[in-house]
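One-letter residues, chain by chain:
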Amino acid sequence: MGNLIEEMCWDSTLDKNQLKKIYSKLDKKNQRESTIYIIEKKLYHKNDINVNDMVYDFELPDENNTVFKTVSLKRKWYLIDFWATYCSICIATFPKLQKIHDLYKDRNFEILAVSVDKDLQQWQNFLKIHDLKWKNLIEKRGIDNSEAVKKYISFTPSNFLISPEGKIVARNISPEDLEKLLKKKLK
């Protein structure tokens, strides 16, 4: 039952309050610790940054070990996509994000992929194989040891859509909803 609740937590269309009620009835003693951890992070996460907040700018190295500053994206629409090479759900969205990036990259839109992999070589190998066309950064300290990343997320996948004014307009937006929004905003 825990695995089913965990799976349901990833569906952004489901009512989180209903899931919390179901989860409260779950016998947690008979569940895997990792399952309980993920469910609680998804249902009860507390981050400092939410929709309608101003973006929290940070600096991280890219695949060439050059420090990239998010402040350089001001006056653009951009998606901060937090992911990891071990996150199959993250990777599954890449083809859809690539399509969106290709459609809107010349219309004031960028994708900023922030990996939370602690294994630099694994991340670099992934980038070589998959040839991701957007800006790729890494936080080698992972989620829990990075002040910048911890402000945003508790788990992967997570994303934030930022307006040209630096305001967070969406959190964990699906590729389909992202494309609809960009189609309206970037005519």
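In what follows, the structure referred to is the one given above.
Below, the structure is looked at part by part. (Residues numbered from 1 in each chain as written. Predicted model: local features only at pLDDT ≥ 70, side-chain atom pairs only at ≥ 80, totals over all residues. Heavy atoms only, no water.)

### With respect to the overall build of the protein chain
The helix and strand inventory of the protein chain stands at eight helices and seven strands. By the compact-globule yardstick of 16 Å for 187 residues, the protein chain fits well, its C-alpha radius of gyration being 17 Å. If you line up the protein chain on its principal axes, its C-alpha atoms span 50 × 40 × 30 Å. The proportion of buried residues among the 187 residues of the protein chain is 45%. At a minimum sequence separation of 6, the contacts of the protein chain that also span at least 24 residues come to 67%. Surface accessibility of the protein chain: about 10500 Å² in total, with carbon and sulfur atoms responsible for 50%. (Helix = DSSP H or I, 4+ residues; strand = E, 2+ residues; numbered from the N terminus. Rg over C-alpha atoms; globule rule 2.2 N^0.38 Å. Buried < 20%, exposed > 50% of the residue type's maximum accessible area, 1.4 Å probe, protein only. Contact = heavy atoms within 4.5 Å. Areas by Shrake-Rupley, 256 points an atom, 1.4 Å probe, with all protein chains shown as cover.)

### Overview of the state of the cysteines
Between two cysteines, a covalent bond joining their sulfur atoms is known as a disulfide. The tally for this structure, following the rule as stated, stands at one disulfide. Paired by a disulfide, Cys-87 and Cys-90 hold their sulfur atoms 2.2 Å apart. Here the disulfide of Cys-87 and Cys-90 is right-handed, its torsion about the S-S bond being about 85°. Accessibility expressed as a relative area gives 2% for Cys-90, which makes it buried. Here Cys-9 stays unpaired: no disulfide links it, and the sulfur of Cys-87, its closest cysteine neighbor, is 14 Å away. (Disulfide = S-S within 2.5 Å.)

### Describing the pairing of strand 7 (residues 168–171)
The pairing of strand 6 (residues 158–162) with strand 7 spans three bridges and is classified as antiparallel. Note that in strand 7 the partner of Leu-161 across the bridge is Ala-170. In this structure, the hairpin formed by strand 6 and strand 7 is closed by a connection of five residues, where Gly-166 is found at a positive phi of approximately 90°. (Pairing = 2+ DSSP bridges.)

### Some words on the sheet that holds strand 4 (residues 109–115)
Ordered in space as 5-4-3-6-7, the five strands form an open sheet in which the pairing is mixed. Two strands in the sheet have a free side with no partner beyond their single neighbour: strand 5 (135–138) and strand 7. Neighbour-to-neighbour, the strand axes of this sheet turn through a mean angle of 20°, independent of strand direction. Two elements, strand 4 and strand 5, share four bridges in a ladder whose sense is parallel. Among the inter-strand pairings, Val-114 is bridged to a residue of strand 5, identified as Leu-137. The strands touched by helix 5 (residues 94–104) within the sheet are strand 3 (77–83) and strand 4, with strand 4 carrying the most contacts at an inclination of about 150°. (Axes fitted to C-alpha atoms, helices over the stretch in contact; angles between N-to-C directions.)

### Considering helix 1 (residues 2–9)
Taken residue by residue, helix 1 has Gly-2, Ile-5, Glu-6 and Cys-9 as its buried positions. Considered in projection along helix 1, the buried side chains sweep an arc of 100° and stay on one side of the axis. (Arc of directions from axis to C-beta.)

### Focus: helix 8 (residues 175–185)
Listed as buried for helix 8 are Pro-175, Leu-178 and Leu-182. Projected down its long axis, helix 8 carries its buried residues within an arc of 55°, all on one side. Exposed residues lying more than 90 degrees from the buried face of helix 8 are Lys-180, Lys-183 and Lys-184. Each element contacted by the buried residues of helix 8 is listed here: strand 3, helix 5, strand 4 and strand 6.

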